[in-house]
Amino acid sequence: DVKVTQSSRYLVKRTGEKVFLECVQDMDHENMFWYRQDPGLGLRLIYFSYDVKMKEKGDIPEGYSVSREKKERFSLILESASTNQTSMYLCASTPLAGSETQYFGPGTRLLVL
Amino acid sequence: RKEVEQDPGPFNVPEGATVAFNCTYSNSASQSFFWYRQDCRKEPKLLMSVYSSGNEDGRFTAQLNRASQYISLLIRDSKLSDSATYLCVVNKDSSYKLIFGSGTRLLVRP
């Protein structure tokens, strides 16, 4: 079974703080994704990575950066958290080409005060 | 216009009912289509892929209409455990990037 884990289920931060969200997958998947999910908007892609040290912007990258130093780990960084970044953050992974099935982590619910 | 549109519901049906959801997508270049299920406060999980010829998995049937750019999900003999949000998912420009609909909520009552 594919397992995708995220470092925190719930997180409360203050405006202006730097926030790190970690995601780890144990299935040697090449592709990893960060989404945020907001009511009525569905999941929106923030960034994705198709290989170590490679990254591409998704649809809403502003205010975020990512890091992929190892294949199994993909980190999302909020450089200076703002209240409009309060959301559910979901990490996903998928093997290289041929499979678009995405396996999701349990999510991190972030509240920025 | 959203790239993937779904009726948010909720659809409130009795156990044993048949219920159908539709979803429309705007990108005619999309090649892959899926239904994901998301339980309350949980992550989305793949329910089924949707193939051009239509496909069935137990009580669930998925259909694709490329000409009209919509996908459907039919659930027969609804169970209480089917209560969830169903996400319509389409790949973007035939890439492995996915576009998620905002979901249709289903409530199955006893």
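Residues numbered from 1 in each chain as written. Chains lettered and ligands numbered in written order. Predicted model: local features only at pLDDT ≥ 70, side-chain atom pairs only at ≥ 80, totals over all residues. Heavy atoms only, no water.

Regarding the sheet that holds strand E1 (residues 4–6) of chain B
All names here are of chain B.
- Sheet architecture is open: five strands sit in the order E1-E3-E8-E7-E6, paired in antiparallel fashion. Only two strands of the sheet have a single partner each, and these edge strands are E1 and strand E6 (55–57). Averaged over all pairs of adjacent strands, the angle between their axes in this sheet comes to 20°, without regard to strand direction.
- In the sheet, strand E3 (residues 19–25) pairs with strand E8 (residues 70–75) via six bridges, with the strands oriented antiparallel. Looking at E8, one finds that Ala20 is bridged to Leu74. (Pairing = 2+ DSSP bridges. Helix = DSSP H or I, 4+ residues; strand = E, 2+ residues; numbered from the N terminus. Axes fitted to C-alpha atoms, helices over the stretch in contact; angles between N-to-C directions.)

What to know about the pattern of salt bridges
- Throughout the structure, instances matching the rule amount to 11 salt bridges over all chains.
- Linking Arg36 of chain A and Asp38 of chain A is a salt bridge whose minimum nitrogen-to-oxygen distance equals 2.8 Å.
- Accessibility expressed as a relative area gives 8% for Arg36 of chain A, which makes it buried.
- When the shortest N-O distance is used, the salt bridge between Arg76 of chain B and Glu56 of chain B registers 3.6 Å. Here Arg76 of chain B is found in the loop between E8 and strand E9 (84–91), whereas its partner Glu56 of chain B is found in strand E6, with 20 residues between them in sequence.
- Beyond isolated ion pairs, a larger network of salt bridges with shared partners links Asp28, Glu30 and Lys71 of chain A. (Salt bridge = Lys/Arg side-chain N within 4 Å of Asp/Glu carboxyl O. Buried < 20%, exposed > 50% of the residue type's maximum accessible area, 1.4 Å probe, protein only.)

Considerations on a positive patch on the surface
- Together, Arg9 and Arg109 of chain A together with Arg41, Lys42 and Lys45 of chain B give the surface a local cluster of positive charge.
- Along the chain, Arg41 of chain B falls in the loop between strand E4 (33–38) and strand E5 (44–50). (Patch = residues over 30% accessible without salt bridge, like charges linked within 9 Å, V, L, I, M, F, W, Y side chains within 5 Å. Areas by Shrake-Rupley, 256 points an atom, 1.4 Å probe, with all protein chains shown as cover. Lys, Arg positive; Asp, Glu negative; His and termini not counted. Charge placed at Lys NZ, Arg CZ, Asp CG, Glu CD.)

Brief notes about the interface of chain A and chain B
- The partner chain B presents 20 residues to the 22 residues of chain A that form the contact.
- Those elements giving two or more residues to the side of chain A that touches chain B turn out to be strand E4 (31–38) and strand E5 (42–51) of chain A.
- In terms of residue count, the dominant contributor to the side of chain A that touches chain B is E5 of chain A (five residues).
- Of the residues in the side of chain A that touches chain B, the class split is 10 nonpolar, seven polar and five charged. (Contact = heavy atoms within 4.5 Å. Nonpolar A, V, L, I, M, F, W, Y, C, P; charged D, E, K, R; others polar.)

Thoughts on the environment of Val108 of chain B
Residue and element names in this part refer to chain B.
- Relative to the elements of secondary structure, Val108 occurs in strand E11 (residues 104–109).
- Taking the C-alpha atoms as reference, Val108 lies 28 Å from Glu3; in sequence the two are 105 residues apart.
- Apart from the residues within four sequence positions on either side, Val108 is in contact with Val13, Pro14, Glu15, Ser78, Lys79, Leu80, Asp82 and Ser83.

A few points about the side chain of Ser93 of chain A
- For Ser93 of chain A, the position within the fold is in strand E9 (residues 87–94).
- Those residues in contact with Ser93 of chain A that sit more than four places away from it in its chain are Val4, Gln25, His29, Asn31, Met32, Phe33, Thr101, Gln102 and Tyr103 of chain A.

Thoughts on the sheet that holds strand E7 (residues 64–70) of chain A
All names here are of chain A.
- With respect to topology, four strands assemble into an open sheet ordered E1-E3-E8-E7, the strand pairing being antiparallel. This sheet does not close on itself; its edge strands, each paired only once, are strand E1 (4–6) and E7. Adjacent strand axes in the sheet meet at a mean angle of 20° when their direction is disregarded.
- Here E1 runs beside strand E3 (residues 19–25); their pairing, made up of three bridges, is antiparallel. Paired with Gln6 across the bridge in E3 is Cys23.

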